[in-house]
Amino acid sequence: MPDGTGGTPPRTLAEALRTRGDDSLTALLRARPDLLNPVPNDLSQLATRAGTRASVVRALERLDRFTLQTAEALAVAPEPAPYDTLRALLTGDEGDPRIERALPGAVGRLRDQALIWGGDTRLRLVRTARELLAPSPTHPSPTGLGPTVAEATAGMSPGRIQEILTAAWLPSTHDPVSAVASLTELFTDRTRMAALLDTAPMEALSVLDRLVWGPPYGEVTSSPTPPVQWLRDRGLLLPATTRTVVLPREVALHLRAGRAHRVIEPVAPPVAPRTSEPGSGSRPQLVDSTAAGQAYTALATVEELAKDWNEGGPSVLRAGGLSVRDLKRTAAALGVTEPIAAFWVELAYAAGLLAADGEADERYAPTPAYDEWEELPSPERWARLAVAWLTATRTAGLVGGQDAKGRTLAALGPDLDRGPAPEVRRRILDLLATLPEGTPPDPESLMARLRWERPLRGASAAGRPDDLRGRLAAWTLNEAEMLGLTGRGALSTHGRALLDALGDPAEGIIPTPADLAAAGLRAAEALRPLLPEPLDHVLLQADLTAVAPGPLLRPLAELLSVAAEVESTGGATVYRFTPASVRRALDAGQSATGLHDFLRAHSRTPVPQPLTYLVDDVARKHGHLRVGSANAYVRCDDEAVLDEIVADRRSQGMRLRRLAPTVLSAQADPSSLLEGLRAMGFAPAAESADGDVLITRAHAHRTPPRTAPAPVPDGPPVPDPTLLGAAVRAIRAGDLASTVVHKTVPEPADSRSRARAVSSSSGKAAGPSRSGDLPRTTSAETLATVQAAAMTGSALWIGYVNAEGAASQRVIAPVRVEGGFVTAYDHTADEVRTYPLHRITGVAELADDTA
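What you see as residue numbers is a count from 1 along each chain, following the sequence as written. Thresholds applied to this predicted model are a pLDDT of at least 70 for local features of residues and 80 or more for the giving and counting of side-chain atom pairs; totals over whole chains, interfaces and linings are not thresholded and use all residues. In computing side-chain properties, one takes all heavy atoms of the structure into account and sets aside hydrogens as well as water.

Broken down by element type, the protein chain carries 34 helices and 23 strands. Only protein chains enter the accessibility calculation, which uses a 1.4 Å probe; a residue is then buried when its area is under 20% of its type maximum, exposed when over 50%, and partly exposed in between. Taking all 851 residues of the protein chain together, the buried fraction comes to 46%. Across the protein chain, every contact between residues at least 6 apart in sequence was considered, and the portion connecting residues at least 24 apart equals 65%. Put simply, DSSP marks the helices as runs of H or I at least four residues long and the strands as runs of E at least two long, and each gets a number from the N terminus on. Two residues qualify as a contact provided that any one of their heavy atoms is within 4.5 Å of a heavy atom in the partner residue.

Attention now moves to empty space enclosed by the protein. Note on definitions: the grid is 1 Å and covers protein atoms alone; a cavity is a set of points where a 1.4 Å probe fits but cannot get out; a pocket is an open set with protein on both sides within 12 Å along at least five of seven lines; lining residues have an atom within 4 Å of a point. Grid points are joined across faces, edges and corners, and a volume is the space filled by probe spheres set on the points. As enumerated under the stated definition, the model contains four cavities of 30 Å³ or more in all. By volume, the largest cavity is sized at about 80 Å³. If you go around the largest cavity, the residues you meet are Phe343, Glu346, Leu347, Ala350, Trp389, Ala392, Arg394, Thr395, Ala396, Arg425 and Glu479. Top element by residues in the lining of the largest cavity is helix H18 (residues 338-350). It accounts for four residues. Just so you know the grouping, Ala, Val, Leu, Ile, Met, Phe, Trp, Tyr, Cys and Pro go in nonpolar, Asp, Glu, Lys and Arg go in charged, and all remaining residues, Gly too, go in polar. Residue composition of the lining of the largest cavity, grouped by class: six nonpolar, one polar and four charged.

Across the sheet, which stays open at both edges, the three strands sit in the order S3-S5-S4 with antiparallel pairing between neighbours. Looking at which strands have only one partner, the edges of the open sheet turn out to be strand S3 (217-219) and strand S4 (238-239). Note: S4 against strand S5 (residues 244-246), two bridges, orientation antiparallel. Of the residues in S5, the one forming a bridge with Pro239 is Val245. One requirement defines pairing of two strands: DSSP has to find at least two bridges between them.

Spatially, the five strands line up as an open sheet ordered S22-S21-S20-S19-S23, and their pairing is antiparallel. This sheet does not close on itself; its edge strands, each paired only once, are strand S22 (831-836) and strand S23 (840-845). Between one strand axis and the next, the sheet turns by 45° as a mean value, whatever way the strands run. As defined by bridge partners, strand S20 (residues 807-818) adjoins strand S21 (residues 821-826) across six bridges and the pair is classed as antiparallel. Paired with Ala813 across the two strands is Tyr825, which belongs to S21. Against the sheet, helix H34 (residues 779-792) contacts strand S19 (796-801), S20, S21 and S23, and its axis sits at roughly 65° relative to S20. Here an angle of 0 to 180 degrees is reported between the N-to-C directions of two axes, which are lines fitted to C-alpha atoms, with helices fitted over the stretch in contact.

Next up on the list: the packing of helix H16 (residues 284-308) against helix H23 (residues 468-483). Running from N to C, H16 and H23 cross one another at 85°; their axes reach a closest spacing of 6 Å. The angle between the axes of H16 and H23 places the two elements in the roughly perpendicular class. Contact with H16, carried on its side by Gln294, Ala295 and Ala298, involves Glu481, Met482 and Leu483 of H23 and no other residues of that element. For classification purposes, angles smaller than 35 degrees are called roughly parallel, those larger than 145 roughly antiparallel, those between 65 and 115 roughly perpendicular, and all remaining angles oblique.

Here the focus is the packing of aromatic side chains. Each Phe, Tyr or Trp ring (for Trp, its six-membered ring) is paired with any other whose centre lies within 6.5 Å, and the angle between the two planes then decides the class: stacked below 30 degrees, edge-to-face above 60, tilted in between. Counted according to the given criterion, the structure contains four aromatic pairs. Centroid distance Tyr370 to Trp373: 5.7 Å. Interplanar angle 35°. Geometry classified as tilted. Note that Tyr370 and Trp373 are positioned in helix H19 (residues 368-374) at a spacing of three residues, about one turn of the helix. Look at Tyr800 and Tyr835: their rings are 4.8 Å apart centre to centre, the planes differ by 70°, and that puts the pair in the edge-to-face class. With Tyr800 in strand S19 and Tyr835 in strand S22, this residue pair connects regions lying 35 residues apart in the sequence. By the burial criterion, Tyr800 is buried, and Tyr835 matches it. Charge-over-ring placement is defined geometrically: NZ (Lys) or CZ (Arg) within 6 Å of the ring centre, and within 35 degrees of the ring normal. One residue, Arg381, lies across the ring of Trp373, its end atom 5.2 Å from the ring centre.

Per-residue confidence from the predictor is reported as pLDDT, which spans 0 to 100. Residues at a pLDDT of 70 or more form 89% of the protein chain, whose mean pLDDT is 84. Within the protein chain, no element has a lower average pLDDT than helix H33 (residues 749-762), which sits at 42, and none a higher one than H18, at 96. Within the model, pLDDT remains below 50 along residues 1-6, and this stretch shows 16 contacts once partners closer than five positions in the same chain are excluded. Within the model, the stretch residues 748-772 combines pLDDT values under 50 with nine contacts to residues more than four positions away or in other chains.

On to the environment of Leu521, then. Among the secondary structure elements, Leu521 is positioned in helix H25 (residues 513-527). In this structure Leu521 comes out as partly exposed when scored by relative accessible area, which is 47%. Along the chain, Leu521 and Ala501 lie 20 residues apart, while their C-alpha atoms are 9.3 Å from each other.

All right, on to the packing of helix H28 (residues 592-601) against helix H29 (residues 609-621) then. Packing of H28 against H29 leaves a shortest axis separation of 9 Å and a crossing angle of 160°. In terms of axis orientation, H28 runs roughly antiparallel to H29. Helix-helix and strand crossings are classified by hand; for H28 and H29 the assignment is right-handed. Only Leu611, Thr612, Val615, Asp616 and Ala619 of H29 make contact with H28, whose side of the interface consists of Ala592, Leu595, His596 and Leu599. For any pair of crossing helices, the crossing counts as left-handed if the nearer helix is rotated counterclockwise from the farther one by less than a right angle, and right-handed if it is rotated clockwise.

Here we take up the pairing of strand S13 (residues 573-576). Pairing geometry for strand S11 (residues 545-548) and S13, over four bridges, is antiparallel. Following the sheet pairing, Ala548 is matched in S13 by Thr573. The sheet contact formed by strand S12 (residues 565-568) and S13 spans three bridges and is antiparallel. By the bridge assignment for S13, Glu565 is matched with Arg576.

Attention shifts here to the environment of Glu100. As for its placement among the helices and strands, Glu100 is situated in helix H7 (residues 97-112). We classify Glu100 as partly exposed; its relative accessible area is 39%. Expressed as a C-alpha distance, the spacing of Glu100 and Pro266, which sit 166 residues apart in the sequence, is 8.9 Å. Excluding its chain neighbours within four sequence positions, the residues that come into contact with Glu100 are Arg87, Thr91 and Gly95.

When the charged atoms of two side chains lie near each other, side chains of opposite charge can form a pair. Salt bridges are defined as contacts in which a side-chain nitrogen from Lys or Arg sits within 4 Å of a carboxyl oxygen from Asp or Glu. Applying the stated rule across the entire model yields 35 salt bridges. The shortest N-O distance in the salt bridge between Arg58 and Asp34 comes to 3.6 Å. Taken together, the residues span a long stretch of sequence, with Arg58 in helix H4 (residues 53-61) and Asp34 in the loop between helix H2 (22-31) and helix H3 (43-50) at a distance of 24 residues. Classification of Arg58 by relative accessible area gives partly exposed; the value is 30%. Residue class for Asp34 comes out buried when judged on its relative accessible area of 12%. Linked through salt bridges whose partners overlap, the residues forming this network are Arg62, Glu423, Arg454 and Arg469.

Right, let's talk about the nonpolar core for a bit. As used in this record, nonpolar core signifies buried Ala, Val, Leu, Ile, Met, Phe, Trp, Tyr and Cys residues forming a set joined through side-chain atoms within 4.5 Å. Of all hydrophobic cores here, the largest spans 88 residues; its most connected members are Leu29, Phe66, Phe187 and Leu236. Once residues lying within four places of it in the same chain are set aside, the contact partners of Phe187 are Val149, Met193, Leu196, Arg234, Gly235, Leu236, Glu250, Val251 and His254. Residues Leu347, Ala348, Leu485 and Ala523 belong to the second largest nonpolar core, which totals 67 residues.

A word on unusual backbone geometry. Backbone torsion omega between Asn37 and Pro38 reads -5°, so that peptide bond is classified as cis. With respect to the helices, strands and loops of the structure, Pro38 is situated in the loop between H2 and H3. The omega torsion of the bond from Gly214 to Pro215 falls at -5°, within 30 degrees of zero and hence cis. In this fold, Pro215 is placed in the loop between helix H13 (202-211) and S3. For Ala257, which is not glycine, the phi torsion reads 60° and is therefore positive. Along the chain, Ala257 falls in the loop between helix H15 (249-255) and H16. Taking the relative accessible area as the measure of exposure, Ala257 reaches 28% and is therefore partly exposed. One non-glycine residue with positive phi stands out, namely Arg488, at about 55°. Within the fold, Arg488 resides in the loop between strand S8 (486-487) and strand S9 (490-491).

Here's what the structure looks like:
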């Protein structure tokens, strides 16, 4: 492997970063975007920020298992460690070709992310990463190794160390340092160490076997057993505290045959196909048809949800979100369980179709965007939902759980955003795409792959998906199936089209909203032939039902939703006509003749006689009674009908009184009077002040225009290529300004005299100015130097104070000097700028011209 240092070995991480090209720095900033906030002034500041604890922890969490194991092995190796030493810790004495092939890539990834630096002869782990990964009593290493002999014997009496040397057949030394070195040399010599262990009692070897793979600490009593005492006498166990002993790292490595880890996983485990179903994966058409059916159901469910909340949905809790009671009611209206109802509610909210109306009595309702969405073709409506789900950070699976303070998490509540959700969803779908078409994955192999890719965010030691990432993966599989991206567990054709249009995330390309919209359109085109065409007809039956054998055109579906009740859904929707539903259609402005004509035009079967009778009978009674506002009144041309109402006991609560042979007054309001008369079996119609029949339609309540909730990223968002390029140029320019060699600036005479005066008055000697000070020259010297540089085309080092009083140093190449300003190419800003001469504190020539 090349060491990547370009000659002289770097002494610091900053020097190692200076040897990198722009592409390498761009890759670093893309992999660790937290380093860009704000843009570092130079490479030294970038290196400092790359070594902070928060940044290193975030970088380690994004390593795969083998790369992390490589870093863990380097943390227990001597520093600096040659590449061969690192390889030996991973492959052991016997070697492993798979590990040897994968190791250069792992080292390269660590070096690219600035977690290690130095050439292959002197690999160094960033100090913060070593502190996090190296073994300690309070933070055991994942390797299971303990401290070295030197670390374990720190503070031990010199006499005790000499006793250990004698028991281990080693010559005594004159000082503890050489004694520890002699003991370390013994434990790292395989031949001599094997000879020493050959003399150990079997019980002592059993003790070592229990500690060898960790944890390396064990408890002892004040009178240890003979096997433990034998090990302590020879330094094979060293005291950690008064009651514990520890197995030194060198001894453990000998017993492990040189391996730092018990199990090394250099290659990602493959995602295996599910084999429980005979012939699974052989029928992609069945997968697509199943997924298309689920996509159609998803659209119908969102429409049903919006219809249920059309006149103003549930109230918003004071803390935000839906109450448990409202979620149960919504689940009952949709005919699903509460967790599934929470998913559909959150999906509609993420797509911007539902929101809070912002009124004093705040309620949830469809947004104006829902009306636009409803007019789109079915494939495009589905694509909007799929893209919203894929990119949303809101996580419906958390609903019903508890937050860190023990409060229940509510649907549409404020604490449901989880930054890793989009990444996990996309990764699950990408892994499904690696399987042959129509092949569902084995869930266990899928989870194992996710744990390998992000072990620090992976499942528990027992392998259960108890962590957030594991739960997100399980929820993703279920939600993708409900949404129709997968069918029977396998990725559908339109799901693959969506992923292909979004590109490979490994390339570091961040999809823009326009890219997401274009990807959704490609997925919609793939779904279009799989969805049934909307029908313009139903099958009317003699039992007052209408059967819709598929999705209906919107005018037909809207009329049926008013004139009939939905009795069952599925492959075919069954509607039932009732007196109440027909009266509802008449109240909405339909006439009996219009209903008859509409049903005849849209029925493939003759209109049954019972349905004709039902419509005529309800229409005959509809509006025969008129209810207006007197407080309220009832009028009817048929006096016998009014006599019947007055004589009915059920009308007593309305406190009716005859005003005229055809008019009754009531003490109830018009709406209550209408409901009471309908409960008595009459079909009254509401009347306006002018005596006209009022047409009542469902009031569609809409929120003001609302935008969809913005995703909450998991850490700083990955910057776009333009920002990355600008950041690299700014860092390079700032580094040039901070590291360029410049000539010593002579201090002006008046400054020297003032300095001598200050030093004499203070009793202190005036020393030379610090190297980090800005250059100081007189105005005349500044003007002359800048003019000369403009004539010769040379670069200068200047001190500059801006209008806010902030001082900085810059490297400029003057182009023109006139009118009290200097126009120059600023190497620090990588652009041409104009500076007022009076704000330049001083200038100095560069020792080596960098222009």
